[in-house]
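Chain and residue survey
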Amino acid sequence: MAEPPKELVKDEVTGEMMSKTALKKLQKKREADAKKAAKKKEQEAKAAAAPAKKKSALASAEADDQLEPHQYFANRCAAMQRAHAASEGGEGATPWPHKFQVSHTLPEFVAAFSGLADGARDEATTVRVAGRAMRKAGQGKLIFYDLHGGGAKIQVMSDPKSYKAGADAWEAINDRLRRGDVVGVVGKPGKSKRGELSIFPEALELLSPCLHMLPKGQGSEVLKDPDTRFRKRYLDLMVNEGGAKVFDVRSRIVRGVRKYLDDRGFLEVETPMMNMVAGGATAKPFVTHFNELGINVFMRVAPELYLKTCVVGGLDRVYEIGRQFRNEGMDLTHNPEFTTCEFYMAYADYHDLMDMTEEMISGLVKEIHGSYKVKYQPKDGAEFEIDFSPPWPRIPMLDGLVKALSTHEKPVDAAWLVAPGALARPDAVDMLKKAHVEAGVELCAPPHTTSRLVDSLVGELLEDTCVNPAFITEHPAEMSPLAKYHRAKPGLTERFELFVAGKELCNAYTELNNPFVQRERFAAQSADVDAGDDEAMVKDEDFCVALEHGLPPTGGWGCGIDRLTMFLTNKNSIREVLLFPAMKPEQNAPPPPPPGDDADAKIRALCAQVAAFGVKPCCGV
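No experiment lies behind these values; they were computed from the predicted model shown.

On to helix 13 (residues 450-461). For helix 13, which comprises 12 residues, the first-to-last C-alpha distance of 16 Å matches the rise-based estimate of 16 Å (1.5 Å per residue) to within 8%. Along helix 13, nine of the 12 residues are buried, which leaves the element largely enclosed by surrounding structure. All of the buried residues in helix 13 are T450, S451, L453, V454, S456, L457, V458, G459 and L461.

In structure tokens, the structure reads:
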């Protein structure tokens, strides 16, 4: 039996006909929706009427930290440019002010207020300090910064109650500051409850913004990539805590060497860096061009010859600390430009200089480290200890070489080396090559001169065994064209080299002052040049003429400042102790400037205009 049709009613809102039950459900839904809409409207009205909620002083910085580096840079540049433009219109302060007067450097602040008690604040003292903000953090109404400068660090504890310009200004400046910015702080010195030395600011000022996003993290190894560290040393010093300590030690070494010599009556002088003759050391020079004279000149490989002519002139004790330039390889211990100290002392010999070397260097080690013993970590292998306690062993070169060959795992009889004139034998080169083969030592690169072959054997069998400081003495005359012949051993010279951890640190000798023998030595070196040795020394006739005027018995000494710094800072690469080491060109070199920015073309165009008026321009057009 079919159901009777349902009674339909009309919905007054839509005009639609539906059952009473459906209409009732629809009306209830409409009432619920109306209540929700009214509640939402009420909430929006309350929110609109309420005062605006202040943004956290950390919010902008936290948001920026989520950006990609290029986005961060673009945003920061735009913000700082807007701020600078506003300051020129009289609104706000420029991000690059001209001056901020400081009352204390950060090291001075640390020294002056480290004695305050934990949780104390010196309300009677107002200080003005500045540095780079390397950390920004917050806790409630406190904003913390780590302020770095001059090798010291203090904490900035900023709160709105202490800020003289009021809470709004406090919010504004803390919203502007970012990690890496240079910041000026005016405030009270004190310590946090945990004992961290702090300043409680009454005013903060942005002195120079860091526009780039810095590598994140804290500590001594935030930036690890060596290539980036050496190419952008400023970034390495900025983000790696303790990075500047190496260069502080280097500076102390230079000051210590200078003081040692000054205290003994030495005169510091300066000699030319561009020379007509590349003399003073067996090394390949750089060549540059002297435009005014139209000649090529050499960048100096050593200041030795000039310093010795100073002694000829009556300056009995002279020294120079400066740069040398050698056009040779780059490796862990070699950089094309490097720093040495050389001194020359009349009426001294190589025995005196060995004593002075022990006294000077062991004293520097003790002063810097408080001990004669230092740790050193080579690139390969385990860390070991170097003991600089004097006295140091003195090993005659050829005697030591004969002993090393005879006790080698493949013993070699090389007793012939200690015979007078051994290296002048016609078969000396062949004998030395044979010793290389029998001992399993790789031959040096050609040319195979006696001096290069002996140096190769000594480097492998003697130098590498010198972990603690040791003097290798009495070099053959063939290896030492400027050293005086030994007073008791024909064919040898009164020379020594100091080796530490297998590396040469100092080189010194009783100076050759016989002009006739000096000319003979230069002639022998010229033969090596003819054989293809581009590191052999060439004749310097002006120096020989100076010797003819009488060089007193003299001792000469040279030390590599860079290598000494490596040992005293536990660095196994010379690039670590040079602020700006030589680097290979970057693979992706910057593109050349567009034609419109060609400065030379602009100059030529201007010169052409001048020439058009009948005046000869200085550019020669």
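Once the structure has been displayed, the description carries forward.
Quick look at the sheet that holds strand 8 (residues 267-268) now. If you trace the eight strands from one edge of the open sheet to the other, you get 8-12-13-20-19-18-17-16, paired in mixed fashion. Looking at strand neighbours, the two that pair on one side only are strand 8 and strand 16 (394-396), the edges of this open sheet. Bridge analysis of strand 19 (residues 503-510) against strand 20 (residues 554-560) gives five bridges, and the strand direction is antiparallel. When the bridges of strand 20 are listed, C506 appears paired with C559.

The packing of two helices is summarised by the inter-axis angle and the distance between the axes. Axis separation between helix 11 (residues 397-406) and helix 13 bottoms out at 10 Å; the angle between their running directions is 65°. In this structure, the crossing between helix 11 and helix 13 has a hand that is left-handed. On helix 13, the residues that touch M397, L398, L401, A404 and L405 of helix 11 are V454, L457, V458 and L461. Class assignment for the residues of the contact of helix 11 with helix 13 results in nine nonpolar, no polar and no charged.

A word on the pattern of salt bridges. All told, the structure shown has 30 salt bridges when counted by the stated rule. Across the pair K29 and D33 runs a salt bridge whose closest N-O atoms are separated by 3.1 Å. Within this pair, K29 and its partner D33 are both found in helix 1 (residues 20-49), separated by four residues, close to a single helical turn. Here K29 falls in the exposed class, since its relative accessible area comes to 51%. You can call D33 partly exposed: its relative accessible area is 38%. E541 is the partner of R519 in a salt bridge, and the nearest nitrogen-oxygen pair spans 2.6 Å. Remark: E541 occurs in helix 15 (residues 541-548) and R519 occurs in helix 14 (residues 515-530); sequence separation between them is 22 residues. The exposure class of R519 is partly exposed, given its relative accessible area of 23%. Accessibility expressed as a relative area gives 33% for E541, which makes it partly exposed. Through salt bridges that share partners, R229, R233, D236 and E576 make up one connected network.

What counts, and where the lines are drawn
Residues numbered from 1 in each chain as written. Predicted model: local features only at pLDDT ≥ 70, side-chain atom pairs only at ≥ 80, totals over all residues. Heavy atoms only, no water. Helix = DSSP H or I, 4+ residues; strand = E, 2+ residues; numbered from the N terminus. Expected span 1.5 Å × (residues − 1). Buried < 20%, exposed > 50% of the residue type's maximum accessible area, 1.4 Å probe, protein only. Pairing = 2+ DSSP bridges. Axes fitted to C-alpha atoms, helices over the stretch in contact; angles between N-to-C directions. Left-handed = near helix turned anticlockwise from the far one by under 90°. Contact = heavy atoms within 4.5 Å. Nonpolar A, V, L, I, M, F, W, Y, C, P; charged D, E, K, R; others polar. Salt bridge = Lys/Arg side-chain N within 4 Å of Asp/Glu carboxyl O.

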